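# Descriptive analysis of the structure
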Amino acid sequence: MSITVRDIRKNFGHFTALDDVSLEIPDGQLVALLGPSGSGKTTLLRIIAGLEFPDCGTVRFDGRDITDHSARERRVGFVFQHYALFRHMTVFENIAFGLRVRSRKLRPSNEQIRVKVNELLKLIQLQNQAQRYPSQLSGGQRQRVALARALAVEPSVLLLDEPFGSLDAKVRMELRRWLRQLHDEVHITSVFVTHDQDEALEVSDRVAVMNEGRIEQVGSPDEVYSHPASPFVYNFLGNVNLFHGRVDNDRTYIHESATGNLVFVRPHLLDIARQPGPPNSFRATTKHINAAGPLAKIEAVTEWGAPVHIEISQERLHDLQLVKDEVVFIVPKEVAVFRKNGTS
Amino acid sequence: MTASASWVTQNVPSRPRAATKATSEPAAVCWLLTGVALIFLGAFLFLPLAVVFGTAFQKGLSFYFSSLSEPDALAAIRLTLLAAGIAVPLNLVFGVAAAWAIGKFEFIGKSVLITLIDLPFSVSPVVSGLIYVLLFGLQGLLGPWLIAHGVRIIFAVPGIVLATIFVTFPFVARELLPMMQAQGNDEEEAALTLGASGWQTFFRVTMPNVKWALLYGVILCNARAMGEFGAVSVVSGHIRGLTNTMPLHIEILYNDYQFVAAFAVASLLALLALLTLVVKSIVEWNARLQLAEQVSAGEEVAR
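Parameters and conventions
Residues numbered from 1 in each chain as written. Chains lettered and ligands numbered in written order. Predicted model: local features only at pLDDT ≥ 70, side-chain atom pairs only at ≥ 80, totals over all residues. Heavy atoms only, no water. Helix = DSSP H or I, 4+ residues; strand = E, 2+ residues; numbered from the N terminus. Buried < 20%, exposed > 50% of the residue type's maximum accessible area, 1.4 Å probe, protein only. Contact = heavy atoms within 4.5 Å. Areas by Shrake-Rupley, 256 points an atom, 1.4 Å probe, with all protein chains shown as cover. 1 Å grid on protein atoms, 1.4 Å probe; cavity = no way out; pocket = protein on both sides within 12 Å on 5 of 7 lines; lining within 4 Å. Points joined across faces, edges and corners; volume = space filled by probe spheres on them. Nonpolar A, V, L, I, M, F, W, Y, C, P; charged D, E, K, R; others polar. Pairing = 2+ DSSP bridges. Axes fitted to C-alpha atoms, helices over the stretch in contact; angles between N-to-C directions. pLDDT = per-residue confidence, 0-100. Phe/Tyr/Trp six-rings, centres within 6.5 Å; stacked < 30°, edge-to-face > 60°. Lys NZ or Arg CZ within 6 Å of the ring centre and 35° of its normal.

## Describing the overall build of chain B
Check the secondary structure of chain B and you find 15 helices and zero strands. Counting the 303 residues in chain B, one finds 40% classified as buried. For chain B, contacts bridging at least 24 residues in sequence account for 73% of all contacts bridging at least 6. Entry remark: accessible area of chain B is about 16500 Å², with carbon and sulfur atoms responsible for 72%.

This is the structure we're talking about:
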């Protein structure tokens, strides 16, 4: 089911959580709402779920206006950041809840419920934990139960609020790959909220980057990472060096005092040379060299005292034989320039 | 209260030794503190209790039972049960509704409602009784109209029931409120997105999570409803066999120098108090046990 959000506005008192937000989510896609805390992403998700209602604007499922429908009528699956499992019910009863509360006409028989729940338990690989209580499970297991519970009612849309936010790094990695696999199997339109750029870029088909109640950019993970539409997106997705600069004849020069333009360069798009290179290269002094990991990370300081982060391959580091406190030339391979007021 | 509290803490599952060592006191301090507590309890709780039962049985078992089965005493017991039987269920419904509204929703006037719920705690019971006399009494605001229509509230059973409801209404709400607030709305929202109706959410999700607090609130509410003296005394009119509750009946007997009969009825109230304490301890113990089980199970998984 496709989701269309149009001109949504939401205030909490004097705080504007969403400021004229429009977003199109095509059928069957897995979309990430990415942004820092307070950017309105969770509010947008809750408005899509019907747990919160917009001050103005519309929400449509498959073109049908459901802005005034309650969460109950919308038939969405919602996974909460802190799981929100029913603590007095076993894993089995948690998953069965959505089926048991149906009106008598629509309610499956006990046998059907048992079959369905066991199917889902198998899907989340917790067959042996059916009679346990949520408090007896680990965080990752709880989140999987929450997901199974949401899927049990066969929702038209799956919404996940920071689904891996309170898990440790390793479980998080496993679980997000698992979510991607699951989505490839069931193809249910899914929206998940995250503040973790890696998570958003790795799992989703499309990413909507949010900031201060607005959507800054929507696109495939590659698009938003490689062609950020605004300084904010550039900054938020991945590490970045920020310089001032000037543009002459389509060439960008990085300087201390040049005004008017902001120049963004990713650390891995900077190279290091011993000799002055192209005219846009500049001088810096190496301060710290960290060779651990697939890329060597070098911290340097420009002549005017600004810090620079550079990432080069291990081979390149080996060829250069860099040492600490050495004066080198830094060559930008690719830069992004934004005018001071924000547009590129 | 103090007795049951110390009894319960002893039942908390023992912690790993390293944790207790850091917080334990020298033996002498332990004995001193325990001794002080026991002496205090003995002087203010056990001694009076012993006196009540001792005096009640002074003239033998048959006198004890005859003073309880005397018509006026029976009427008082019946009226007390009636007042509590009406006040407790009503306050149960009111308390749950109020705690639910305050704990789970945001609305204008919320803090006013919280203050109002506490009002009966802060107002002297005598004043609570007087409020009803001023409202429904002969010289009261609504009194003349009510009398003209043949409705008697003051110096009659309705007044006693009203006064009892008023003084006991904070108990259930006060017990539930912290629980409901602490648990937040997540589970209710989850139930809602899974298609549960408001009632289903309430009975299947909200209530099971607060059942021990609820039971505890009802027990306290009932104890107070049966033992209330001040407010009921003002509105009752002390008509023997008609508007006397057990506490009022005890007072009358006592003022008539019928000490043994007074203490016999008093022993019933004391028994009720003891029973309440036992049930309360069991409830607290159960709730704690459940919590401890959940916590230890959670720790096991975390390890």
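## As for empty space enclosed by the protein
In the structure shown here, the tally under the stated rule is three cavities of 30 Å³ or more. Elements with a contribution of two residues or more to the lining of the largest cavity: helix H5 (139-152) and helix H6 (169-186) of chain A. Residues that form the lining of the largest cavity fall into these classes: eight nonpolar, one polar and one charged. Every residue along the wall of the second largest cavity is listed here: Arg-87 of chain A together with Lys-104, Gln-183, Gly-184, Asn-185, Asp-186, Glu-187, Glu-188, Thr-206 and Asn-209 of chain B. Of all the secondary structure elements, the ones that give two or more residues to the lining of the second largest cavity are helix H11 (186-193) and helix H12 (198-227) of chain B. A per-class count over the lining of the second largest cavity returns no nonpolar, five polar and five charged.

## Quick word on the sheet that holds strand S11 (residues 241-248) of chain A
Residue and element names in this part refer to chain A. Here four strands make up an open sheet; going across it, the order is S12-S11-S13-S19 and the pairing antiparallel. Whereas interior strands pair on both sides, the edge strands pair on one side only; in this sheet they are strand S12 (251-255) and strand S19 (336-339). Going across the sheet, the axis of each strand differs from the next one's by a mean of 45 degrees, ignoring polarity. Note: S11 against strand S13 (residues 261-265), five bridges, orientation antiparallel.

## What about the pairing of strand S10 (residues 214-219) of chain A?
Residues and elements named next belong to chain A. Examined bridge by bridge, strand S9 (residues 206-211) and S10 share five bridges and lie antiparallel to one another. Within the sheet, the bridge partner assigned to Val-209 lies in S10 and is Gln-217. Once S9 ends, the chain turns through two residues before running back antiparallel as S10, passing Glu-212 with a positive phi of about 45 degrees.

## Section: the confidence of the model for chain A
On average, chain A scores 87 in pLDDT, and the residues at 70 or more come to 97%. Looking at the elements of chain A, mean pLDDT is at its lowest for S12 of chain A, recorded as 74, and at its highest for S9 of chain A, recorded as 94.

## Observations regarding the sheet that holds strand S6 (residues 76-79) of chain A
Residues and elements named next belong to chain A. The strand order across the open sheet built from six strands is S6-S7-S8-S3-S9-S10, with neighbouring strands paired in mixed fashion. Of all strands in the sheet, those with a lone pairing partner are S6 and S10, marking the two edges. In this sheet, neighbouring strand axes are inclined to one another by 15 degrees on average, regardless of whether the strands run parallel or antiparallel.

## Regarding the packing of aromatic side chains
As enumerated under the stated definition, the model contains 23 aromatic pairs over all chains in all. Arranged with centres 5.4 Å apart and planes meeting at 85 degrees, the rings of Phe-264 of chain A and Phe-338 of chain A form a pair that is edge-to-face. Placement of the pair is Phe-264 of chain A in strand S13 and Phe-338 of chain A in strand S19, with a sequence separation of 74 residues. Accessibility classification places Phe-264 of chain A together with Phe-338 of chain A in one group, the buried group. Between Tyr-257 of chain B and Phe-259 of chain B the ring centres are 6.2 Å apart and the planes differ by 85 degrees, which places this aromatic pair in the edge-to-face class. The exposure class of Tyr-257 of chain B is exposed, given its relative accessible area of 67%. By the ring-pair criterion, three or more aromatic residues cluster together here, those being Phe-94, Tyr-132, Phe-136, Phe-166 and Phe-169 of chain B. One residue, Arg-149 of chain A, lies across the ring of Phe-86 of chain A, its end atom 4.6 Å from the ring centre. The ring of Phe-63 of chain B has Lys-59 of chain B lying over it, and the distance from NZ or CZ to the ring centre is 5.0 Å.

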